[in-house]
Amino acid sequence: LSADDVEVDNDNSLVGGSITFTLDSILADAQKVMLGDYIDSEEGEPEEWEDNADASPYGGFGTVRVKRENNEYTYEALWLHKTQFGQTSETMETKGRTINWQTPTINGRIMPVYNNTEMKPRVRRRATFETAGEAIEWLNKLANVADNANAQAAAET
């Protein structure tokens, strides 16, 4: 806000944004959950059809970042309350003279939620842990998958 030829106020609050990340690969089931509708192929057929007529679903998204300071490692967990991802960006190269590794890129929007008594927009939560396991456990709890993850781990042992 400018008044009398000077800046008198500024708003730098975070009310949304975009997210882009690359993966070495994405599992088909995870892609279906993040990107929306797929039409499965006929029984016994190897292909699937992507149906991009509908918008991708809303969902939370979490990640863990490894930080190192003074030769000590910590694990920062970041939870985005509401995201919506779009179709992946993919490039392919065949028969080149050099190897050019290709990885899928996922793009999404970050949106605020009003999950507090003050009804202020919130975009993300952040916490720092001493171990990666603690950070992942925190994210699983926020994502409501902690019980499923524990049950799956117990079933595999």
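Just so it is clear, the model here is predicted, and its values are computed rather than measured. (Residues numbered from 1 in each chain as written. Predicted model: local features only at pLDDT ≥ 70, side-chain atom pairs only at ≥ 80, totals over all residues. Heavy atoms only, no water.)

Novice: Quick question: what am I supposed to make of a positive patch on the surface here?
Specialist: Taken together, the side chains of Lys120, Arg122, Arg125 and Lys141 define a basic patch exposed on the protein surface. Within the secondary structure, Lys141 sits in helix H2 (residues 132-142). (Patch = residues over 30% accessible without salt bridge, like charges linked within 9 Å, V, L, I, M, F, W, Y side chains within 5 Å. Areas by Shrake-Rupley, 256 points an atom, 1.4 Å probe, with all protein chains shown as cover. Salt bridge = Lys/Arg side-chain N within 4 Å of Asp/Glu carboxyl O. Lys, Arg positive; Asp, Glu negative; His and termini not counted. Charge placed at Lys NZ, Arg CZ, Asp CG, Glu CD. Helix = DSSP H or I, 4+ residues; strand = E, 2+ residues; numbered from the N terminus.)

Novice: Help me understand the pairing of strand E7 (residues 72-85), please; the structure alone is not making it clear to me.
Specialist: Every regular strand shows the same layout, with side chains that alternate between the two sheet faces. Pairing of strand E6 (residues 58-69) with E7 involves eleven bridges; the strand directions are antiparallel. Looking at E7, one finds that Gly62 is bridged to Trp79. Connecting E6 to the antiparallel partner E7 that follows it, the hairpin turn spans two residues, and Asn70 within it adopts a positive phi of roughly 55°. Bridge count for E7 against strand E8 (residues 105-111) is four bridges, and the pairing is antiparallel. (Pairing = 2+ DSSP bridges.)

Novice: So what exactly am I meant to see when it comes to the confidence of the model for the protein chain here?
Specialist: A low pLDDT means the predicted coordinates there should not be read in detail. Per-residue pLDDT for the protein chain averages 79, and the proportion of residues at 70 or more is 73%. The element-level mean pLDDT for the protein chain is lowest in helix H3 (residues 146-156), coming to 48, with H2 highest at 95. Segment residues 151-157: pLDDT under 50, and zero contacts once partners within four positions in sequence are set aside and those in other chains are kept. (pLDDT = per-residue confidence, 0-100. Contact = heavy atoms within 4.5 Å.)

Novice: Looking at this model, I keep getting lost on the nonpolar core. Mind explaining?
Specialist: Side chains that are nonpolar tend, in soluble globular proteins, to be buried together. Ile19, Phe21, Ile26, Met34, Leu35, Phe61, Leu80, Phe85, Ile106, Ile110 and Val123 form the largest nonpolar core, which has eleven residues in total. Residue assignment for this core shows that the elements contributing at least two residues are strand E3 (17-22), helix H1 (28-35), E7 and E8. If we ignore the near neighbours within four places in the chain, the residues touching Ile19 are Phe61, Leu80, Phe85, Ile106, Asn107, Gly108 and Ile110. The next biggest cluster of nonpolar side chains, apart from the first, holds eight residues, and it includes Ala77, Ala127, Phe129 and Trp138. (Core = buried A, V, L, I, M, F, W, Y, C linked by side-chain atoms within 4.5 Å. Buried < 20%, exposed > 50% of the residue type's maximum accessible area, 1.4 Å probe, protein only.)

Novice: Where do I start with the pairing of E3 in this structure?
Specialist: Only one face of E3 is buried: it carries Gly17, Ile19 and Phe21, and the other face, with Ser18, Thr20 and Thr22, is open. Two elements, E3 and E8, share six bridges in a ladder whose sense is antiparallel. Bridging from a neighbouring strand, Ile19 pairs with Gly108 of E8.

Novice: What exactly am I supposed to notice about the environment of Gly62 here?
Specialist: With respect to the helices, strands and loops of the structure, Gly62 is situated in strand E6. Between the C-alpha atom of Gly62 and that of Trp138, which follows or precedes it by 76 residues, the distance is 9.6 Å. Residues within four places of Gly62 in sequence aside, it is in contact with Leu78, Trp79 and Leu139.

Novice: Explain the packing of aromatic side chains to me, please; I cannot follow it from the model alone.
Specialist: Each aromatic ring pair is specified by the distance between its two centres and by the angle formed by the two planes. Under the definition given, this model contains four aromatic pairs. Ring centres 5.1 Å apart and planes at 25° place the aromatic pair Phe21 and Phe61 in the stacked group. In this pair, Phe21 sits in strand E3 while Phe61 sits in strand E6, placing the two residues 40 residues apart along the sequence. In this structure, Phe21 and Phe61 share a single accessibility class: buried. Put simply, the rings of Phe21, Phe61 and Phe85 pair up and form one aromatic cluster. A cation over an aromatic ring shows up here: Lys82 above the ring of Tyr58, its NZ or CZ 4.5 Å from the ring centre. (Phe/Tyr/Trp six-rings, centres within 6.5 Å; stacked < 30°, edge-to-face > 60°. Lys NZ or Arg CZ within 6 Å of the ring centre and 35° of its normal.)

Novice: Got a minute to help me understand H2 in this structure?
Specialist: Taken as a whole, H2 has its buried residues at Ala135, Trp138 and Leu139. The buried side chains of H2 occupy one side of the element, clustering within an arc of 95° when seen end-on. Away from the buried face of H2 by more than 90 degrees, exposed residues Glu137 and Lys141 are located. (Arc of directions from axis to C-beta.)

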